[in-house]
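So the chains spell out like this:
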Amino acid sequence: MTRWRRFERQEATLEYWKIRQEGIRCFLRWGSDRTPGKASTTILDDEEQARRHAVRKINDRLRKGFTEVEPPCDPAEAETGAPVLDVLTRAASTYAPVPEFLPVDGFDQVFRCARTPDHPMGFFEYYVLREQGHSAVRFAVRAGSHQDAVVAGFLDFLCSRRDLAFEGRSHHKVALPSPVGSFDHALFCSPALGRACAAYPAAAARVATAFPIFNCEIGDEDPEVLVDARIHGHASLPYSDWGRAPYPAVDLRFDIPPSFYRPSPKFKIYRPSDVQKLLDVLPTASPQSWLEVRSFRGETTRLQPDMTMSFADVMSLLIN
């Protein structure tokens, strides 16, 4: 179900509800003719779970009296064949400057746009085009960590692999043949996973994402749902900061009573600071308490009140 399905119910107002499944994601939009619409996204473990989730949601709406109708024509569909950079330029708000995409010297079909580069949160946006500009691979670099030579090294690697993110898999973790700055690997994400142009529906499905990473930041065997959590979740990887230290994958599950952390029986993504807090309370917790830490290699270390480790040792385990 890659297109929106729309359902309506007429009561005091005309209520609408829409759903679209794309891979492991289910997108919802709802509202009425008198209120602003709302939206949400649910990410499931695999496509079959997402499909079942969408079916349950649709049946729930039907039970509540909604009727499926033909969705109105989406204006974005008229631009789905337009070159990516044309779409982004035309989509510029009347209240924002029109982006200026300039060719990058020495690289074929690579363009750069500076977004308030003198501002502390400014950044440079790169597009490596393919298919005569109708699709692209995007990455962004915070202005404070931008170095032309480092970016050029990554572009040398990326330009010969610009098709990789469109080969049907959600992501590829690839070792760099030579370091890019301090980075030793690169991550290629499909358009659905990378969400590079989620704000531009006419281009969203045609723009993939790639950026350099440290080996410890993404597991070799991580499924799409875990990679999504690592790059978009509450402890997300600051991947546009090319001057960062390693930001290791931190997967934890635990049961440590008494503490303000509720038990987490399944591995979830946490911040390094959460590891420190859990290690602080573990030695004085009840004897049956436990904490498991999983590294990017999939290796699991179990800690208990009488058998714990220092924070530095745990971080070394996650990074090395």
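Residues numbered from 1 in each chain as written. Predicted model: local features only at pLDDT ≥ 70, side-chain atom pairs only at ≥ 80, totals over all residues. Heavy atoms only, no water.

A. Molecular detail of the sheet that holds strand 14 (residues 264–269). Overall, antiparallel pairing links the four strands, which are arranged 14-13-15-16 in an open sheet. The open sheet terminates on both sides in strands that have one partner only, identified here as strand 14 and strand 16 (300–303). Put simply, the sheet's adjacent strands are angled 15° from each other on average, direction ignored. Helix-sheet contacts for helix 6 (residues 224–232) involve strand 13 (251–255), strand 14 and strand 15 (290–294), and the interaxial angle to strand 14 is about 60°. Those strands touched by helix 7 (residues 272–281) are strand 13, strand 15 and strand 16, and its axis lies near 25° from that of strand 13. (Pairing = 2+ DSSP bridges. Helix = DSSP H or I, 4+ residues; strand = E, 2+ residues; numbered from the N terminus. Axes fitted to C-alpha atoms, helices over the stretch in contact; angles between N-to-C directions. Contact = heavy atoms within 4.5 Å.)

B. A look at the state of the cysteines. The tally for this structure, following the rule as stated, stands at zero disulfides. A disulfide-free cysteine, Cys189 has its sulfur positioned 13 Å from the sulfur of Cys197, the nearest such atom. Lacking any disulfide linkage, Cys216 is separated from the closest cysteine sulfur, that of Cys189, by 16 Å. The class of Cys216 is buried, set by a relative accessible area of 3%. (Disulfide = S-S within 2.5 Å. Buried < 20%, exposed > 50% of the residue type's maximum accessible area, 1.4 Å probe, protein only.)

C. Up close: helix 6. Burial within helix 6 is extensive, with seven of its nine residues counted as buried. All of the buried residues in helix 6 are Glu224, Val225, Leu226, Val227, Asp228, Arg230 and Ile231.

D. Examining the packing of aromatic side chains more closely. Using the criterion set out here, one finds 14 aromatic pairs in the structure. Consider the rings of Phe154 and Trp242, whose centres lie 5.5 Å apart with planes at 90°: the pair is edge-to-face. One end of the pair, Phe154, is in helix 3 (residues 148–159); the other, Trp242, is in the loop between helix 6 and strand 13, and 88 residues separate them in sequence. Exposure remark for Phe154: the relative accessible area of 0% places this residue in the buried category. Centre to centre, the rings of Phe157 and Phe188 are 6.1 Å apart; their planes meet at 50°, and the pair counts as tilted. Taken together, the residues span a long stretch of sequence, with Phe157 in helix 3 and Phe188 in strand 11 (residues 183–189) at a distance of 31 residues. Taken together through their ring pairs, the aromatic side chains of Tyr126, Phe139, Phe154, Phe157, Phe183, Phe188, Phe214 and Trp242 make up a single cluster. Across the ring face of Phe166, the terminal group of Arg130 is positioned such that the distance to the ring centre comes to 4.0 Å. Directly above the ring of Phe267 sits Arg294, whose terminal nitrogen or CZ lies 4.2 Å from the centroid. (Phe/Tyr/Trp six-rings, centres within 6.5 Å; stacked < 30°, edge-to-face > 60°. Lys NZ or Arg CZ within 6 Å of the ring centre and 35° of its normal.)

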